[in-house]
Amino acid sequence: MPDPHVITALNYKYAKLSGELRKLNRQADQLRQDIAHIEATIRLFRADWCGSDVAPIAPLKASRWGARGKGCALHSMFCENMTHQ
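Quick look at the structure, then. (Residues numbered from 1 in each chain as written. Predicted model: local features only at pLDDT ≥ 70, side-chain atom pairs only at ≥ 80, totals over all residues. Heavy atoms only, no water.)

1. Observations concerning the environment of Asp53
As a reminder, the rule being used: Secondary structure is summarised from DSSP: a helix means a run of H or I of at least four residues, a strand means a run of E of at least two, and numbering begins at the N terminus for each.
Within the secondary structure, Asp53 sits in the loop between helix H1 (4–45) and helix H2 (70–83). As a C-alpha pair, Asp53 and Asp29 span 24 residues in sequence and 22 Å in three-dimensional space.

Dropping the structure here:
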């Protein structure tokens, strides 16, 4: 029989992943609603519009440096501080 701490840890991991999945499902539902509203608005202006003609744009992966250009700014700041010491 497995140790109780193993079952506790696995239960915790299961609960955490279940919560994350629930959150992502809510986000997906909201995105579907947003897309439906945008499609309806586009069709007000162009009745023959077809969403399948529009290629999805993949979201950018977050950088460990933060926002775009932030790594260069940090590097410049670091070099500037090194020259003033």
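2. Considering the pattern of salt bridges
Where we set the bar: Within this document, salt bridges are pairs made up of a side-chain nitrogen of Lys or Arg and a carboxyl oxygen of Asp or Glu, the two lying within 4 Å of each other. Each residue is assigned to one of three classes by its accessible area relative to the maximum for its type, calculated with a 1.4 Å probe on protein chains only: buried under 20%, partly exposed between the two thresholds, exposed over 50%.
Following the criterion strictly, the structure yields 3 salt bridges and no others. For the salt bridge of Asp29 with Arg32, the shortest nitrogen-to-oxygen distance reads 3.0 Å. Taken together, the residues Asp29 and Arg32, both in helix H1 and 3 residues apart, mark about one turn of the helix. On the basis of relative accessible area, Asp29 is assigned to the partly exposed category, the value being 43%. Of the charged contacts in the structure, one is a salt bridge between Glu39 and Arg43, with a shortest N-O distance of 3.9 Å. Residue Glu39 and its partner Arg43 are both found in helix H1; the two are separated by 4 residues, about one turn of the helix. Its relative accessible area of 27% is what places Glu39 among the partly exposed residues.

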